[in-house]
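Chain by chain, the residues run as shown.
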Number of protein chains: 2
Amino acid sequence: MPCHDSPDLKKLDLITVLRALADPVRLDIVQRLYVLGEANCAALIGARPKSSMSHHFQVLRESGVLHTRIEGVQHHNSLRLQELEERFPGLMQSILGGADATQLRRQTSS
Amino acid sequence: MPCHDSPDLKKLDLITVLRALADPVRLDIVQRLYVLGEANCAALIGARPKSSMSHHFQVLRESGVLHTRIEGVQHHNSLRLQELEERFPGLMQSILGGADATQLRRQTSS
DNA sequence: TCTATAGTTCGGTCGTTATCGAACTATAGA
DNA sequence: TCTATAGTTCGATAACGACCGAACTATAGA
């Protein structure tokens, strides 16, 4: 199963993860992804240009926040919740705690 | 008791807090402060120039991460752990979880 | 083979922020 | 009143990062 390389669990750096999350666009992606489970890039980026999209996904991937599984022409993204939980216990829960799933689903489907 | 203004609990913004924490110097300050409880600026900044120090404390204060109590010529800083816990449950714990108090104390006293 | 689709890479611009010296403010103590 | 101390403010510079158009790559499907 082809995929983008994801950094090793031990190499995940707190500063890098925080920087990745400390951006409105990327935090939005992460929160939507939490609700959706898995989604391709187009479903997560809204109306932004593809190059911006690609940039943000690269940051999230390289920081270790998400994993990208490539299937044909589509890139399926998902949060690396389990690994993040091992490395930084409670972090993602606290970030995602504010994300009301119902509200997010409403935003996503509109 | 004079002090710097700290933003209201409700105005604390996750992005702003994450950005404040996503800096090596500031994260170091926060982790030391967690161990020390309260400390003045000089004790937290190491060998950096005073203007840099002042900048980082301003960012941390304005984001709501810490509170500064002024006593004479000294500024006593402390984390706003309780308010942060109310607003973003689990966040600071996860950030500080990696901070081994013993290790930090050793660094601080060396 | 041709075309559409999904995403990447490249190059440039622009805004933000970290850094730091220098001047400044305010308090404590001699 | 004079001086030392603690921290702020100002102004400049430099680096980083977000943004975006354009060209490119790779796969699926007609």
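Under the annotation held in an unreviewed UniProt entry, chain A carries the name Transcriptional regulator and is attributed to Gluconobacter cerinus.

Moving on to the relation of the copies chain B and chain A. In summary, the two copies of the chain are related to each other by a rotation about an axis coupled with a shift along it. Overlaying chain B with chain A gives an RMSD of 0.0 Å, the required rotation being 179° about an axis along which the chain moves by 0.0 Å. The superposition of one copy onto the other is thereby described by a two-fold rotation axis. A shared interface surface links the copies, since 100% of the contact residues of chain B are contact residues in chain A too.

Moving on, we come to the sheet that holds strand β1 (residues 39–40) of chain B. Residue and element names in this part refer to chain B. Reading across from one edge, β1-β3-β2 is the order of the 3 strands in this open sheet, with antiparallel pairing throughout. Because the sheet does not close on itself, it has two edges, and the strands there are β1 and β2 (66–71). In terms of strand pairing, β2 meets strand β3 (residues 74–79) through 6 bridges, oriented antiparallel. For H67, the partnering residue across the bridge sits in β3 and is S78. Sitting on the sheet, helix α2 (residues 24–36) is in contact with β1, β2 and β3, with an inclination near 90° to β3.

Take the interface of chain B and chain A next. Counting from both sides, the interface comprises 14 residues of chain B and, opposite them, 14 residues of chain A. Interface of chain B and chain A: buried area, both sides summed, is about 1200 Å²; carbon and sulfur atoms make up 81% of it. Linking chain B with chain A are 0 salt bridges, by the criterion used here. Linking chain B with chain A are 0 residue pairs in polar contact (both at pLDDT 80 or more), by the criterion used here. Put simply, the parts of the chain that give the side of chain B that touches chain A at least two residues each are α1 (14–21), α2 and α6 (91–97) of chain B.

Attention shifts here to the protein's contact with DNA strand C. Inspection of the region around DNA strand C gives 20 residues, with K50 and S54 of chain A together with S51, H55 and H56 of chain B positioned closest. The sugar and phosphate moieties of DNA strand C supply 60% of its atoms located within 4 Å of the protein. Here a phosphate oxygen of DNA strand C sits 2.9 Å away from a polar atom, N or O, in the side chain of R26 of chain B. Take S51 of chain B: an N or O atom from its side chain is 3.0 Å from a base oxygen of DNA strand C. Going through the elements one at a time, α4 (50–63) and β3 (74–79) of chain A together with α4 (50–63) of chain B are the ones with two or more residues in the surface near DNA strand C. Classifying every residue of the surface near DNA strand C by side-chain character gives 5 nonpolar, 11 polar and 4 charged.

In terms of burial, α1 of chain B is largely enclosed, as 6 of its 8 residues are buried. Burial in α1 of chain B covers these residues: L14, I15, V17, L18, A20 and L21 of chain B. If you follow the buried residues of α1 of chain B, they end up packed against α1 (14–21), α2 (24–36) and α6 (91–97) of chain A together with α2, α4 and α6 of chain B.

On to the packing of α1 of chain A against α4 of chain A, then. All names here are of chain A. One way to put it is that α1 packs onto α4 with a least axis distance of 9 Å and a crossing angle of 155°. Taken together, the axes of α1 and α4 are roughly antiparallel relative to one another. Like other packed secondary-structure pairs, α1 and α4 cross with a definite hand, here left-handed. Of the residues in α4, those touching α1 at T16, V17 and A20 are V59, L60 and S63.

This part covers the side chain of D23 of chain B. Here D23 of chain B lies in the loop between α1 and α2. Of the side chains with opposite charge, R26 of chain B lies nearest to the buried D23 of chain B, which makes no salt bridge, at 4.3 Å. Side-chain polar atoms of D23 of chain B contact the backbone nitrogen of V25 of chain B, separated by 2.9 Å. Ignoring any residue separated from it by four or fewer positions in sequence, one finds D23 of chain B in contact with I15 of chain A together with H56 of chain B.

Spatial strand order, β1-β3-β2 (chain A): 3 strands in an open sheet with antiparallel pairing. Either end of the sheet is taken by a strand with one partner, and the two such strands are β1 (39–40) and β2 (66–71) of chain A.

Definitions and cut-offs
Residues numbered from 1 in each chain as written. Chains lettered and ligands numbered in written order. Predicted model: local features only at pLDDT ≥ 70, side-chain atom pairs only at ≥ 80, totals over all residues. Heavy atoms only, no water. Least-squares fit on C-alpha atoms with pLDDT ≥ 70 in both. Contact = heavy atoms within 4.5 Å. Pairing = 2+ DSSP bridges. Helix = DSSP H or I, 4+ residues; strand = E, 2+ residues; numbered from the N terminus. Axes fitted to C-alpha atoms, helices over the stretch in contact; angles between N-to-C directions. Buried area = accessible area lost by both parts, 1.4 Å probe. Salt bridge = Lys/Arg side-chain N within 4 Å of Asp/Glu carboxyl O. Polar contact = N/O pair within 3.5 Å; in protein donor to acceptor, adjacent residues only side chain to side chain. Near = heavy atom within 4 Å. Nonpolar A, V, L, I, M, F, W, Y, C, P; charged D, E, K, R; others polar. Buried < 20%, exposed > 50% of the residue type's maximum accessible area, 1.4 Å probe, protein only. Parallel < 35°, antiparallel > 145°, perpendicular 65-115°, else oblique. Left-handed = near helix turned anticlockwise from the far one by under 90°. Lys, Arg positive; Asp, Glu negative; His and termini not counted.

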